[in-house]
Amino acid sequence: MSGIFVTFEGIEGCGKSTQLNMLANWLRASGKDVIVTREPGGTELGEKIRNLLLDGNKGDVFSIRTEILLFEASRAQHVDEKISPAIKSGKIVLCDRFSDSTVVYQGVARAVDPHTVQFLNEFALCGCIPDMTIFPNISVAESFRRIALEDGSRDRIEQEDESFFEKIRNGYLGLAKGNARFFMVDGTDNEEIIHGKIRNEFAERFFKN
Ligand code: Z5A
């Protein structure tokens, strides 16, 4: 019995985490065994790597090779320790960000050679490819508006400028185009409308029979 692996991707503030939690609640209410997780992180070791990568106050300067290898190290641990075992035991895994984030953030925005990104992703994934990727699409202006409303400091990557996030958004649009794994949804609708669309698409893909 194999489970289902769904990832959530998009620019910051697009509503990934909100929608992931709404989908998890709906699935749990219908009796499904659901694991909620995130990247970077998701395991004890991965969360330590997350702190290293995202702490915006330490002033660490990462070489791009260091940055991408740390994201992939967190991912390899996550796949081996948590995601693959859960899928093998028939659970539904919902993950906030995964390998597409590396394609877009390190590949498109930080210009790491696409073949290198692909090679490193494949090495970390060991064949653990999502069955579906949900992508709430919002503009960079809307992303900045939502982030400005939140309390707290911006992490190391969130401190990048607007042109960086335009590259990220265009990167996701490029990835989603013609890719059946992706389900792009208008992230500017209200949360319940977006959730309804995601729920319908999820049921259509996985609960049809
Ligand atoms: N990163 C990378 O570079 N390479 C990699 O391989 C990986 C990650 C895996 C992780 O950040 C950072 O790591 C990320 C990419 C990089 N850096 N950036 N930028 P994170 O996980 O801490 O945070 P995030 O993923 O960027 O996003 P977020 O801030 O958690 O936002 P979100 O999950 O997309 O949105 P949200 O928390 O659900 O909602 C944000 C706000 O909008 C909140 O106030 C909501 O109430 C509001 N919201 C949500 N939905 C709506 C709707 N529909 N209308 C209006 N307002 C809404």
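In what follows, the structure referred to is the one given above.
Computed from a prediction, not measured in an experiment: that's the story for all the values here.

Cut-offs and rules
Residues numbered from 1 in each chain as written. Predicted model: local features only at pLDDT ≥ 70, side-chain atom pairs only at ≥ 80, totals over all residues. Heavy atoms only, no water. Helix = DSSP H or I, 4+ residues; strand = E, 2+ residues; numbered from the N terminus. Rg over C-alpha atoms; globule rule 2.2 N^0.38 Å. Buried < 20%, exposed > 50% of the residue type's maximum accessible area, 1.4 Å probe, protein only. Contact = heavy atoms within 4.5 Å. Lys, Arg positive; Asp, Glu negative; His and termini not counted. Charge placed at Lys NZ, Arg CZ, Asp CG, Glu CD. Axes fitted to C-alpha atoms, helices over the stretch in contact; angles between N-to-C directions. Parallel < 35°, antiparallel > 145°, perpendicular 65-115°, else oblique. Nonpolar A, V, L, I, M, F, W, Y, C, P; charged D, E, K, R; others polar. Near = heavy atom within 4 Å. Polar contact = N/O pair within 3.5 Å; in protein donor to acceptor, adjacent residues only side chain to side chain.

Draft legend 1. Representation of the overall build of the protein. Counting secondary structure elements, the protein contains eight helices and five strands. The order of helices and strands in the protein, counted from the N terminus, is β-α-β-α-α-β-α-α-β-α-α-β-α. Computed over C-alpha atoms, the radius of gyration of the protein comes to 17 Å, within 12% of the 17 Å expected from 2.2 N^0.38 for 209 residues, which places it in the range of a compact globule. Seen through its C-alpha atoms, the protein measures out along the principal axes to roughly 50 × 35 × 35 Å. Across the 209 residues of the protein, 48% fall into the buried class. Looking at the protein alone, contacts between residues at least 24 apart form 79% of all its contacts between residues at least 6 apart. If you average the places of the 26 positive and of the 32 negative side-chain charges in the protein, the two averages end up 3 Å apart.

Draft legend 2. View of the packing of helix α3 (residues 64–88) against helix α4 (residues 99–109). Direction vectors running N to C along α3 and α4 enclose 175°, while the axes themselves pass 11 Å from each other. Classed by the angle they form, the pair α3 and α4 counts as roughly antiparallel. Together, Ile 64, Glu 67, Ile 68, Phe 71, Glu 72 and Arg 75 of α3 and Ser 99, Thr 102 and Gln 106 of α4 make up the contact between the two elements. A breakdown of the residues in the contact of α3 with α4 according to their chemical character gives three nonpolar, three polar and three charged.

Draft legend 3. Structural detail: the site of the ligand. Taken together, 29 residues lie near the ligand, and Lys 16, Ser 17, Thr 18, Arg 50 and Thr 102 sit nearest. At a separation of 2.6 Å, an oxygen atom of the ligand approaches a polar side-chain atom of Lys 16. Residue assignment for the shell around the ligand shows that the elements contributing at least two residues are α1 (16–29), α2 (44–54), α3, α4 and α8 (191–206). Sort the elements by how many residues they give to the shell around the ligand and α4 lands first, with four residues. Of the residues belonging to the shell around the ligand, the class tally is nine nonpolar, eight polar and 12 charged.

Draft legend 4. Examining unusual backbone geometry more closely. For the peptide bond that leads from Glu 39 to Pro 40, omega is -10°, which places it in the cis range. Inspection of the secondary structure puts Pro 40 in the loop between β2 (34–38) and α2. Positive phi is not limited to glycine here, since Arg 97 has a value of about 75°. Checked against the element boundaries, Arg 97 lands in the loop between β3 (92–96) and α4.

Draft legend 5. Just the environment of Arg 154, in detail. In this fold, Arg 154 is placed in the loop between α6 (140–149) and α7 (162–176). On the basis of relative accessibility, which here comes to 29%, the residue Arg 154 falls in the partly exposed class. Taking the C-alpha atoms as reference points, Arg 154 and Ile 4, separated by 150 residues in sequence, lie 33 Å from one another.

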